[in-house]
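Residue-level structure breakdown
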Amino acid sequence: QGWGDLSLNGNPDLATPAIDSLARDGASFDRFYVCPVCSPTRAEFLTGRHHLRGGVYSTSAGGERLDLDETTIADVFRAAGYATGAFGKWHNGMQHPYHPNGRGFDEFYGFCSGHWGDYFSPLLERNGGLVQGKGFCVDDFTDQALAFIERSVKKNKKPFFAYLPYNTPHSPMQVPDRFWNKFKDKKLKLHHRDPDKEKRLHQLCALAMCENVDWNVGRILRRLDQLGVADDTIVAFFHDNGPNGARWNGDMKGRKGSTDEGGVRSPLLLRWPNGIPAGLQVKEIAAAIDLLPTFADLAGIPARTN
């Protein structure tokens, strides 16, 4: 998902009201940067360190595995008494001890590789065991995260750290009909800086996928309200690289895989009603490595990492 794939950033060709609300009710970062591809960004978020320090330098052939001597954000929050869960695409090591359950997460539901070939009721993992998914995978990941949050609040009476690394928009370009039907015949108002590079079906499906992501973010925000924990829960939203195809991205040069700004600039939205003033705009440069120490500081827990 690219910087331009939000109505918040001036794109009239899709609507992302739930994600946009995070900026209205919290902080938005104007210059937030990630890596050109996903595994390195995920490693930086997980450790608060540059990806190469953790041995992550690519997305395959072992270059995606996070070194075992790295302390993760889940280790930090679990040590402070939090329930920890990850739901979605991992892509920082497939087998134990590189698996999420070996990196500080009490619960994991999703897939550990970088790509998945079918998004509708695919074979997935739950804590290392194979299970059959239920429906569209992003909806399913959100269902599982919501159940984890509810158990933590109602049953276990513990604070929670929930990590939802969604895998869309990403090939294969599959999305539920109710999202696709809005876009299949849509005439777009904004285009890539080089329109000849656009692939219409890919472009439209990506936008439909982004609206599906927004719908699921809205589900999370509503459940936090229903559980009575919204005011004291920090919610963060960002992307792990630039857009995966040629479409409008604020006229920035570059896309996923490129170190030009279009490949590495991401939105970062942070909402915490009890701690962050609504509508705060942050102009300073920030990056994925800043998130672990920032979250630990906001939560008042020590961030002891390698």
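Scroll up a little and you will see the structure.
This text gives an overview of the structure that appears in the document. These numbers come from a predicted model, not from an experiment.

Structural notes on the sheet that holds strand β5 (residues 129-132)
Note on sheets: strands pair through backbone hydrogen bonds, and any given pair is parallel or antiparallel. Pairing is mixed in the open sheet, where five strands are placed in the order β5-β4-β3-β2-β6. Sheet topology places β5 and β6 (160-163) at the edges, where each strand pairs with a single neighbour. For this sheet, the mean angle separating the axes of adjacent strands, direction not counted, is 20°. Sheet topology places strand β2 (residues 83-89) next to strand β3 (residues 107-111); five bridges connect them, and they run parallel.

Here we look at the nonpolar core
Ranked by size, the top nonpolar core spans 43 residues in total, and within it I19, F141, I149, V217 and L224 carry the most contacts. Elements with a contribution of two residues or more to this core: α1 (17-25), β2, β3, α4 (137-155), α5 (177-183), α6 (200-227) and β7 (235-238). Among the elements that make up this core, the one with the highest residue count is α6 (12 residues). In contact with I149, not counting residues within four places along its chain, are F160, A162, L224 and L227. By size, the runner-up hydrophobic cluster in this structure holds 33 residues, among which are F29, A74, A86 and V282.

Considering the pattern of salt bridges
All chains considered together, the criterion is met by 14 salt bridges. Across the pair D5 and R247 runs a salt bridge whose closest N-O atoms are separated by 2.9 Å. With D5 in the segment before α1 and R247 in the loop between β7 and α7 (261-264), the pair connects residues that are 242 residues apart, well separated along the chain. Each member of the pair, D5 together with R247, is buried. Ionic pairing is found between R78 and D106, a salt bridge with its closest N-O pair at 3.0 Å. Placement of the pair is R78 in helix α3 (residues 73-79) and D106 in the loop between β2 and β3, with a sequence separation of 28 residues.

Digging into the layout of surface pockets
Taken as a whole, the largest pocket spans an internal volume of roughly 1,200 Å³. Forming the walls of the largest pocket are 46 residues, and the residues nearest its centre are A162, Y163, L164, V235 and A236. Among the elements of the structure, α2 (38-47), α4, β6, α6, β7 and α8 (291-299) are those that each provide at least two residues to the lining of the largest pocket. Examining the composition of the lining of the largest pocket, we find that five residues originate from one element, α6, more than from any other. As a volume, the second largest pocket reaches approximately 240 Å³. Lining the second largest pocket are 14 residues, with H192, K197, G245, A246 and R255 sitting closest to its centre. Grouping the constituent residues of the lining of the second largest pocket by class yields one nonpolar, six polar and seven charged.

Regarding the pairing of strand β1 (residues 27-33)
Of all seven residues that make up β1, five are buried, and the element is covered over most of its length. Looking at chain direction, β1 and strand β8 (residues 265-271) are connected through five bridges and run antiparallel. Bridging across to β8, A27 finds its partner in L270.

Observations regarding the side chain of H91
Positionally, H91 belongs in the loop between β2 and β3. Every residue in contact with H91, bar those within four places of it in the chain, is listed here: C38, S39, R42, T59, E64, C112, S113 and G114.

Each value, and the rule that gives it
- Residues numbered from 1 in each chain as written.
- Predicted model: local features only at pLDDT ≥ 70, side-chain atom pairs only at ≥ 80, totals over all residues.
- Heavy atoms only, no water.
- Pairing = 2+ DSSP bridges.
- Helix = DSSP H or I, 4+ residues; strand = E, 2+ residues; numbered from the N terminus.
- Axes fitted to C-alpha atoms, helices over the stretch in contact; angles between N-to-C directions.
- Core = buried A, V, L, I, M, F, W, Y, C linked by side-chain atoms within 4.5 Å.
- Buried < 20%, exposed > 50% of the residue type's maximum accessible area, 1.4 Å probe, protein only.
- Contact = heavy atoms within 4.5 Å.
- Salt bridge = Lys/Arg side-chain N within 4 Å of Asp/Glu carboxyl O.
- 1 Å grid on protein atoms, 1.4 Å probe; cavity = no way out; pocket = protein on both sides within 12 Å on 5 of 7 lines; lining within 4 Å.
- Points joined across faces, edges and corners; volume = space filled by probe spheres on them.
- Nonpolar A, V, L, I, M, F, W, Y, C, P; charged D, E, K, R; others polar.

The analysis is restricted to geometry; functional conclusions fall outside its scope.
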